[in-house]
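As a plain string of letters, each chain reads:
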Amino acid sequence: MPESKETITALFLGDVIGQAGVRAVFALLKQVAKRVSADLVIVNGENAAEGFGVTIEAVSALFDAGATVITTGNHIWQQREVLSLLDSEPRLLRPANYPPGTPGHGQVVVDVRGVKVAVLNLQGRRRMPTIDCPFRKASDMIRALDRDTRIILIDFHAEATDEKEAFALHLDGSVSAVVGTHTHITTADARILPKGTAYQTDLGACGPTESVIGFVPQISIQRALTQLPLKNEVSANNVVLHGTAVTIDVETGKATAVTPITEASFF
Ligand SMILES: [Fe+2]
């Protein structure tokens, strides 16, 4: 059967860090989305509230900036004001493999130019909370999706590179893309796996450049030198947006291109 020429492009942005990150996404996302011809945008808002979770105001700003879906991760529980929004806003996700009874949900199906696109958010367990198995949970979720939903995109919020690669290869061919978030550092391994799933170990962050994963370097250095539990503060300088665009064949659900992007802001 000839391959369909119709494609959809999803733009993923890595963890947005602090108000500076939110402002930069607001200023730059529309132009980046236009440049890569994005049909939908998935933004990880995990660190928008000064590094720890996301506020109602930041959720609203990220949607206004052009996010179609906001994914999160382990810090989602740190801003209590957002807990009720996790139940009422279908496009705000938390990792799906938290135990049953946890507020919120980890999956949404959106309509993109008349095509159903599922976005899933899962979380790793290595050096992370010991929640339910993301491998089994993802397989269960994929099995439960409507057979018409061929395009499935996953933000896998995880620390360990080997867990991320194993997760993506486990799902290769059954989803369109698995992109990693959480480490805030972009990896140079964006590629299409053998059975057609786009993959990148970590998108990187949308946060300050002169920093330690987005935070004030002096605090990180002092913590290392003294072993005191000093609290991170978001660094205040120029922000770089890191993300990746994935183009997907609508007929097959397989990725046809994966393109990392970097966009700098200067304020
Ligand atoms: Fe995280």
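Basis of the calculations
Residues numbered from 1 in each chain as written. Predicted model: local features only at pLDDT ≥ 70, side-chain atom pairs only at ≥ 80, totals over all residues. Helix = DSSP H or I, 4+ residues; strand = E, 2+ residues; numbered from the N terminus. Rg over C-alpha atoms; globule rule 2.2 N^0.38 Å. Buried ≥ 20, exposed ≤ 12 C-beta atoms within 10 Å, placed from the backbone. Pairing = 2+ DSSP bridges. Contact = placed C-beta atoms within 7 Å. Axes fitted to C-alpha atoms, helices over the stretch in contact; angles between N-to-C directions. Right-handed = clockwise from strand over helix to strand, strands pointing away. Arc of directions from axis to C-beta. Expected span 1.5 Å × (residues − 1). Parallel < 35°, antiparallel > 145°, perpendicular 65-115°, else oblique. Left-handed = near helix turned anticlockwise from the far one by under 90°. Core = buried A, V, L, I, M, F, W, Y, C linked by C-beta atoms within 7 Å.

## With respect to the overall build of the protein chain
- Summing up its helical and strand segments, the protein chain has 6 helices and 13 strands in all.
- Taking 18 Å as the expected radius of gyration for a compact globule of 267 residues, we find that the protein chain reaches 17 Å, a close match to that expectation.
- Overall, the C-alpha framework of the protein chain stretches about 60 × 40 × 35 Å when taken along its three principal axes.
- Here the protein chain holds 267 residues, and the buried ones make up 47% of them.

## Here we look at the sheet that holds strand β8 (residues 177-181)
- Sheet architecture is open: 6 strands sit in the order β5-β6-β7-β8-β10-β9, paired in mixed fashion. With one partner strand each, in any of the chains shown, β5 (107-112) and β9 (191-192) form the two edges of the open sheet.
- Across 5 bridges, the pairing between strand β7 (residues 151-157) and β8 is parallel. For Ile154, the partnering residue across the bridge sits in β8 and is Val178.
- In the packing of helix α4 (residues 134-144) onto the sheet, contacts are made with β5, β6 (115-123) and β7, and the angle to β6 comes to roughly 165°.
- In this fold helix α5 (residues 161-171) packs onto β7, β8 and β10 (198-200), with an angle of close to 165° to the strand it touches most, β8.

## Notes on the pairing of β7
- The element β7 is largely enclosed, with a buried count of 7 among its 7 residues.
- Of the two faces of β7, the one holding Ile151, Leu153, Asp155 and His157 and the one holding Ile152, Ile154 and Phe156 are both buried throughout.
- Here β6 pairs with β7 via 7 bridges, running parallel. Its bridge partner lying in β7, Val117 is registered against Ile151.
- Handedness of the crossover joining β6 and β7 through α4: right-handed.

## Describing α5
- Among all positions of α5, only Glu163, Lys164, Phe167, Ala168 and Leu171 are buried. Seen end-on, α5 carries its buried residues on one side only, within an arc spanning 130°.
- Next to the buried residues of α5 lie α4, β7, β8 and β10.
- Once α5 ends, the next one or two residues include Gly173, with phi positive near 95°.

## So, helix α1 (residues 18-35)
- Its 18 residues give α1 an end-to-end C-alpha distance of 25 Å, which sits within 8% of 26 Å, the value for a rise of 1.5 Å per residue.
- Turning to α1, its buried residues number three or more, namely Gly18, Ala20, Gly21, Val22, Ala24, Val25, Leu28, Leu29, Val32 and Ala33.

## Describing the packing of α1 against helix α2 (residues 56-65)
- Axis separation between α1 and α2 bottoms out at 8 Å; the angle between their running directions is 15°. With respect to α2, the element α1 is oriented roughly parallel. Crossing angle aside, the handedness with which α1 passes α2 is left-handed. Listed contacts from α2 to Val22, Val25, Phe26 and Leu29 of α1 are Ala58, Ala61, Leu62 and Ala65.

## Focus on the nonpolar core
- Formed by 70 residues in total, the largest nonpolar core has its most connected members in Ala10, Val25, Leu62, Ile154, Ala177 and Val178.
- Considering every element that reaches this core, the biggest residue donor is α1, with 8 residues.
- Dropping the residues within four chain positions of it, Val25 is found in contact with Leu13, Val16, Val43, Leu62, Ala65, Cys206 and Leu241.

## Observations concerning the pairing of strand β12 (residues 239-249)
- Burial analysis of β12 places 10 of its 11 residues in the buried class, the great majority of the element.
- As paired elements, strand β1 (residues 7-13) and β12 share 7 bridges and run antiparallel to each other. Within β12, the position partnered with Thr7 by the bridge is Asp249.
- In the sheet, strand β11 (residues 205-208) pairs with β12 via 2 bridges, with the strands oriented antiparallel. What sits directly across from Gly207, in β12, is Val240.
- Hairpin remark: β12 followed by strand β13 (residues 255-264), antiparallel, with 5 residues in the connecting loop; positive phi at Gly253, about 75°.

## Considering the environment of Val25
- When you line up the elements, Val25 lands in helix α1.
- Residues Val25 and Ser60, 35 residues apart in the sequence, show an inter-C-alpha distance of 12 Å.

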